[in-house]
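What the coordinates show
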Amino acid sequence: MMNVSSVNTGAARPLTAVEEVKEKPKVQDPEEKEKERLPKPIKDQYVPEEKKEPIGRYWMEEDEDGKPKIHFDDPDQDREAKGPDQKEPDKKTEKCVGNTDKVDREIEKLKRKQKELKQQINSETDEAKIKELEGKLAQVERELRQKDNDGYRRSHTVFS
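Residues numbered from 1 in each chain as written. Predicted model: local features only at pLDDT ≥ 70, side-chain atom pairs only at ≥ 80, totals over all residues. Heavy atoms only, no water.

Before going further, it helps to spend a moment on the pattern of salt bridges. Scanning all chains against the criterion turns up six salt bridges. Of the charged contacts, one joins D104 and R153 as a salt bridge, the two residues approaching to 3.2 Å between their closest N and O atoms. Of this pair, D104 sits in helix α4 (residues 101-123) while R153 sits in helix α6 (residues 150-155); the two residues are 49 residues apart in sequence, bridging distant segments of the chain. Among the ionic contacts, a cluster of salt bridges with common partners joins D104, K111, D148 and R153. (Salt bridge = Lys/Arg side-chain N within 4 Å of Asp/Glu carboxyl O. Helix = DSSP H or I, 4+ residues; strand = E, 2+ residues; numbered from the N terminus.)

This is the structure:
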């Protein structure tokens, strides 16, 4: 067995080292450390809002008795409350009228041309001339199929 007093752990400072320290080390309280670490508290500031224009929404609140009550933000009611001097200017409604006259004239012209070509084919005796007229008739019929439908009319409608 060994004496405890003879064991050198190195943890204890020799007496001469303690004498060399001239100032006492500063000891801080735990409360001071805590105050230094925490930032200053941030405080809220009240900023008043401007009154918003009513948009027609519903919301629930409690009345004086604590019962739920539904509120409605009526935009029309607010306009009436402003009075006649402060009313918004009347908004004029705009009407659009669709016009398909140009397309209808174009289709009528093609139908007349088709009718004329059929009459010319019936009255013609020359085979070469008949084939030429039949080619023109086929082209007019293709154009009529393309233009004589609702889709073409809708896409070429003029609005005013």
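All right, on to the side chain of Q114 then. Structurally, the position occupied by Q114 is in helix α4. Residues in contact with Q114, not counting those within four places in the same chain, are L137, V140, E141 and L144. (Contact = heavy atoms within 4.5 Å.)

Let's shift gears to the layout of surface pockets. Estimates place the volume of the largest pocket at around 200 Å³. In this structure, the largest pocket is lined by ten residues; those nearest its centre are K52, E53, P54, I55 and D73. The residue inventory of the lining of the largest pocket, partitioned by class, reads two nonpolar, one polar and seven charged. (1 Å grid on protein atoms, 1.4 Å probe; cavity = no way out; pocket = protein on both sides within 12 Å on 5 of 7 lines; lining within 4 Å. Points joined across faces, edges and corners; volume = space filled by probe spheres on them. Nonpolar A, V, L, I, M, F, W, Y, C, P; charged D, E, K, R; others polar.)

The tally for this structure, following the rule as stated, stands at one aromatic pair. Seen from the ring of W59, R57 lies directly overhead, with NZ or CZ sitting 4.5 Å from the centre. (Phe/Tyr/Trp six-rings, centres within 6.5 Å; stacked < 30°, edge-to-face > 60°. Lys NZ or Arg CZ within 6 Å of the ring centre and 35° of its normal.)

So, about helix α5 (residues 127-147). With 21 residues, α5 should cover 30 Å at 1.5 Å per step; its first-to-last C-alpha distance of 30 Å lies within 8% of that length. What α5 keeps buried is the set I130, L133, L137, V140, L144 and K147. Taken end-on, α5 shows its buried residues confined to a sector of 110°, consistent with a single buried face. Exposed residues pointing more than 90 degrees away from the buried face of α5 are listed as E127, A128, K131, R145 and Q146. On its buried face, α5 is in contact with α4 and α6. (Expected span 1.5 Å × (residues − 1). Buried < 20%, exposed > 50% of the residue type's maximum accessible area, 1.4 Å probe, protein only. Arc of directions from axis to C-beta.)

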